[in-house]
Amino acid sequence: MTISSLTPAELADDRAVGTEIGPEIELRSRISVELVDHTASDLGVIRAARVSTAGEEAHREERGDAYMAGLIQYLMRSRHGSPFEHNSMTFLVNAPIFVIRHMMRHRMWSFNEESARYKNLESVFYVPDSDRLLKQEGKPGHYQYVPGSEEDYELLSLSASTAYRAAFREYQQMLDAGIARELARMVLPVATFSTVYATCNARSLMHFLGLRTNRADATYVSHPQREIEIVAEQMEAEFQRLMPLTHASYERCGRVSP
């Protein structure tokens, strides 16, 4: 969705009279995660575990799926976690800044993020799609989320786009005046899209998934914000593809990281 742009003169008039028309912006609901690199496999878990008894021969061993599934299940169930750390997955994440901050909260990632000190940010901002649950009921820690009405969604979209246009207009005016990017960026909202490289190992990822997905069959049921759950779900799909035996064992053990 794109909001129409104005000339500089029209922007100045718009700013003076406080109308809701502003610079061109893009409203985006899609949050994307792409696996860009990895060294992750079930065999890597087996070799890391086997080195304790087989020494250097562990690195040359080849094991069938039945053996690997049994050993991985034992490691997962017994919470012998270190064999799940000898791998990496690197994801390219494009998401609103507030979602990126949710990821940083876990202190498990190696991060490189798009920098508003060194480049001008694009006028791309987050709005949820129309099936996003909009209303929150209950006490902290026991919230229930329920749908909003069509009018609620229209209000959210209008309020957000009005604020985004105003913020980006001020950001652009400061840049045009020669204000340093690192200062001009301070007016932009946390709904501005950012891009990061994020790297972790399977053990850390399983912990992240346990907290950032809502699964009724989990030992510890979590209730994450939907936007960070979208990131987690896409990462889990790649994890399951790369390490199917490890993922299956993780599921059987209640989605608790070893």
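This is a predicted model, so every value here is computed, not measured.

1. Brief notes about the overall build of the protein chain
Helices and strands together make up the secondary structure of the protein chain, namely nine helices and nine strands. If one aligns the C-alpha atoms of the protein chain with their principal axes, the spans along those axes are about 75 × 40 × 25 Å. Sorting the 258 residues of the protein chain into buried and exposed places 42% on the buried side. By sequence separation, contacts in the protein chain at least 24 residues apart represent 72% of the contacts at least 6 residues apart. When the 28 positive and 35 negative side-chain charges of the protein chain are each reduced to one mean point, those points stand 8 Å apart.

2. Considering the packing of helix 7 (residues 202-212) against helix 8 (residues 226-242)
For the pair helix 7 and helix 8, interaxial distance at closest approach is 10 Å and the crossing angle is 140 degrees. Classified by the angle between their axes, helix 7 and helix 8 sit oblique to one another. As helix 7 runs across helix 8, the sense of the crossing is left-handed. Here Ala202, Leu205, Met206, Phe208, Leu209 and Arg212 of helix 7 lie close against helix 8, whose contacting residues are Ile228, Glu229, Ala232, Met235, Glu236 and Phe239. Here the residues of the contact of helix 7 with helix 8 are counted per class, giving nine nonpolar, no polar and three charged.

3. A short note on the packing of aromatic side chains
Two descriptors summarise a pair of aromatic rings, namely the distance from one centre to the other and the angle between the planes of the rings. All told, the structure shown has eight aromatic pairs when counted by the stated rule. When the ring of Phe239 is compared with that of Tyr250, the centres are 6.5 Å apart and the planes differ by 65 degrees; the resulting orientation is edge-to-face. Placement of Phe239 in helix 8 and of Tyr250 in helix 9 (residues 244-252) is noted, with a sequence separation of eleven residues between them. With respect to burial, Phe239 and Tyr250 carry one shared label: buried. Among the aromatic residues, those joined into a ring-pair cluster are Phe125, Tyr164, Phe168 and Tyr171. Looking at Arg28, its charged tip hangs above the ring of Phe193, at a distance of 5.1 Å from the centre. Lying across the ring of Tyr67, Arg63 places its NZ or CZ 4.2 Å from the centre.

4. So, unusual backbone geometry
The backbone of Arg107 sits at a positive phi, close to 55 degrees, despite the residue not being glycine. Following the sequence through the fold, Arg107 ends up in the loop between helix 4 (97-104) and strand 5 (110-113). Owing to a relative accessible area of 68%, Arg107 belongs among the exposed residues under this scheme. With phi around 60 degrees, Arg255 is a residue other than glycine that occupies positive phi space. Structurally, the position occupied by Arg255 is in the segment after helix 9.

Conventions and cut-offs
Residues numbered from 1 in each chain as written. Predicted model: local features only at pLDDT ≥ 70, side-chain atom pairs only at ≥ 80, totals over all residues. Heavy atoms only, no water. Helix = DSSP H or I, 4+ residues; strand = E, 2+ residues; numbered from the N terminus. Buried < 20%, exposed > 50% of the residue type's maximum accessible area, 1.4 Å probe, protein only. Contact = heavy atoms within 4.5 Å. Lys, Arg positive; Asp, Glu negative; His and termini not counted. Charge placed at Lys NZ, Arg CZ, Asp CG, Glu CD. Axes fitted to C-alpha atoms, helices over the stretch in contact; angles between N-to-C directions. Parallel < 35°, antiparallel > 145°, perpendicular 65-115°, else oblique. Left-handed = near helix turned anticlockwise from the far one by under 90°. Nonpolar A, V, L, I, M, F, W, Y, C, P; charged D, E, K, R; others polar. Phe/Tyr/Trp six-rings, centres within 6.5 Å; stacked < 30°, edge-to-face > 60°. Lys NZ or Arg CZ within 6 Å of the ring centre and 35° of its normal.

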